[in-house]
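Each chain is listed here by its residues.
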Amino acid sequence: MAKAKSSISNREKIAVLMVALGNDVAADVYKQLDDATIELITLEVANLRKVSPELKLEVMKEAQEILMAREYMARGGVDYARDILERALGPERAQNLLTRITASLQVRPFDFMRHTDPQQILGFIQGEHPQTIALILSYLEPPQAALIVSGLPAVMQAEVAKRIAKMDRITPEILREVERVLERKLSTVMGQDFTLAGGLDAVVALINSADRGTERNIMEYLEENDPELAEEIKKKLFVFEDIMRLDDRSLQRVLREVDMKELGLALKGATEDLRSKFFKNMSKRASEMLQEDMEFMGPVRVKDVEEAQQKIVNNVRALEEAGEIIIATGGEDELVL
């Protein structure tokens, strides 16, 4: 006799779900799991007896509700998900779902801002203290935080970056107070231990994601006002000139991802050494064609050069994250146009 839904474990529910999904879909799910998890699920599937249509339907319905709740949370945060789920499932079921999901996801503070347009956030935080802005940005994804920082006044950009770098640990109480000031509440249950926020890696990620103008402004300010911090950031920061640190094989891999028109524009602002490094890692014909294109370009805007360089840097970073190339540690030269 099939077990009632309330009497089966989560492992058994997963096993029932795998059977209900069918072999092809279950195989696709297995591809996303580690070996240990696959072994556990397979064991549960093997131990399954007869599964009633009612049990199968209940388990699939529960899985659908969990996926739906996760989607709503990803789209607009916990409050948004709770509002919709309460209308669809009722307050009690909605709360049970969200409690289970937030416990496993450990939703980070200011999660609601990750789904808000950066320009709206910029307008919202313009009048806040630099420390408050730094705290908020330290919890956002680097590309989003970089767009917001780019819209701040020049002095504020560097001040916020400095505060992110020097931020260490923040108590849950302070986080809750900041969100209350911003008329928002924390969306998840936080532990009473201290939560890491900001730090050197956070500000490096932010600067790496910012445009070259913002990057230069922050670094110039820090070099003048906090040389030690500026030096620490430089050691971790990867900029266009750091391509000199790539070995030939890595650079050749990068070149397969780069648009030649973008490369020509980027090299207009590069040193002779860096240009030579690129040219020697290309075929003779490709190198000659690229140099001809650069000559025909004539004068170009600094902004266009910086944007082209940033696109290539993004390619390098993506390849490094994918493990396809390795960036050697070392110093870097400053770009002078």
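Computed from a predicted model, the values in this text were never measured in an experiment.

Visitor: Give me the overall build of the protein chain: which residues, what numbers.
Guide: A tally of regular secondary structure across the protein chain gives 18 helices and 2 strands. In the protein chain, buried positions account for 42% of the 337 residues. Look at the contacts in the protein chain between residues 6 or more apart in sequence, and 76% of them connect residues 24 or more apart. Put simply, the protein chain shows about 19300 Å² of open surface, and 51% of that area lies on carbon and sulfur atoms.

Visitor: Help me get a handle on the packing of helix H7 (residues 130-139) against helix H9 (residues 154-166), residues and values and all.
Guide: Direction vectors running N to C along H7 and H9 enclose 65°, while the axes themselves pass 8 Å from each other. Where H7 crosses over H9, the two elements pack in a sense that is right-handed. On H9, the residues that touch Pro130, Gln131, Ile133, Ala134, Leu137 and Ser138 of H7 are Met156, Glu159, Val160, Arg163 and Ile164. Classifying every residue of the contact of H7 with H9 gives 7 nonpolar, 2 polar and 2 charged.

Visitor: How would you sum up a nonpolar patch on the surface? Please name residues and give values.
Guide: On the surface, a nonpolar cluster with roughly 210 Å² of combined accessible area is contributed by Leu21, Val25 and Met60. With respect to the element layout, Met60 can be found in helix H4 (residues 53-89). Overall, the relative accessible area of 35% leaves Met60 in the partly exposed class.

Visitor: Account for the environment of Ile243, naming residues and giving values.
Guide: Within the fold, Ile243 resides in the loop between helix H13 (227-236) and helix H14 (248-255). Between the alpha carbons of Ile243 and Phe278 there is a distance of 9.2 Å; along the sequence they are 35 residues apart. Filtering out sequence-adjacent residues up to four positions away, Ile243 remains in contact with Phe238, Leu251, Leu274, Lys277, Phe278, Ile312 and Val316.

Visitor: Which residues make up the pattern of salt bridges, and what are the values?
Guide: Evaluation of the coordinates by the stated rule reveals 10 salt bridges. With a shortest N-O distance of 2.7 Å, Arg253 and Glu324 are connected by a salt bridge. Highlighted residues: Arg253 in helix H14 and Glu324 in the segment after helix H18 (302-321), separated in sequence by 71 residues. The network of salt bridges with shared partners includes Arg253, Glu257 and Glu324.

Visitor: A description of the confidence of the model for the protein chain should follow, citing residues and the corresponding values.
Guide: A residue-level look at the protein chain finds 78% of positions with pLDDT of 70 or above and a mean pLDDT of 76. For residues 183-196, every residue scores under 50 in pLDDT, and the model assigns this stretch 32 contacts once sequence neighbours within four places are set aside. Every residue in residues 329-337 is under pLDDT 50, and counting partners more than four places away or in other chains gives 21 contacts.

Visitor: Break down the nonpolar core for me, with residues and values.
Guide: Ranked by internal contacts, the top residues of the largest apolar core, which has 36 residues, are Leu137, Val160, Val203 and Ile233. It is H7 that provides the largest number of residues to this core, a total of 6 residues. Judged by nonpolar contacts, the second largest core, of 27 residues, contains Leu263, Phe279, Val305 and Ile327.

Visitor: With reference to specific residues and values, describe the environment of Met68.
Guide: If you trace the backbone, Met68 turns up in helix H4. Taking the relative accessible area as the measure of exposure, Met68 reaches 25% and is therefore partly exposed. The spacing of Met68 and Leu97 is 29 residues in sequence and 10.0 Å in space, taken between C-alpha atoms. Ignoring any residue separated from it by four or fewer positions in sequence, one finds Met68 in contact with Leu85 and Leu89.

Visitor: Account for the packing of aromatic side chains, naming residues and giving values.
Guide: Pairs of aromatic rings are described using the distance from one ring centre to the other and the angle between the two planes. Summed over all chains, the structure comprises 1 aromatic pair. With a centroid separation of 6.2 Å and 15° between ring planes, the pair formed by Phe240 and Phe278 is classed as stacked. Taken together, the positions of Phe240 in the loop between H13 and H14 and Phe278 in helix H16 (residues 272-280) put the pair 38 residues apart, joining distant regions of the chain. Since its relative accessible area comes to 0%, Phe278 is described here as buried.

Visitor: Which residues make up a negative patch on the surface, and what values do they have?
Guide: On the surface, Glu288, Glu292, Asp293 and Glu295 cluster together into a negatively charged patch. Examined against the element boundaries, Glu295 turns out to sit in helix H17 (residues 284-297).

What counts and what doesn't
Residues numbered from 1 in each chain as written. Predicted model: local features only at pLDDT ≥ 70, side-chain atom pairs only at ≥ 80, totals over all residues. Heavy atoms only, no water. Helix = DSSP H or I, 4+ residues; strand = E, 2+ residues; numbered from the N terminus. Buried < 20%, exposed > 50% of the residue type's maximum accessible area, 1.4 Å probe, protein only. Contact = heavy atoms within 4.5 Å. Areas by Shrake-Rupley, 256 points an atom, 1.4 Å probe, with all protein chains shown as cover. Axes fitted to C-alpha atoms, helices over the stretch in contact; angles between N-to-C directions. Left-handed = near helix turned anticlockwise from the far one by under 90°. Nonpolar A, V, L, I, M, F, W, Y, C, P; charged D, E, K, R; others polar. Patch = residues over 30% accessible without salt bridge, like charges linked within 9 Å, V, L, I, M, F, W, Y side chains within 5 Å. Salt bridge = Lys/Arg side-chain N within 4 Å of Asp/Glu carboxyl O. pLDDT = per-residue confidence, 0-100. Core = buried A, V, L, I, M, F, W, Y, C linked by side-chain atoms within 4.5 Å. Phe/Tyr/Trp six-rings, centres within 6.5 Å; stacked < 30°, edge-to-face > 60°. Lys, Arg positive; Asp, Glu negative; His and termini not counted. Charge placed at Lys NZ, Arg CZ, Asp CG, Glu CD.

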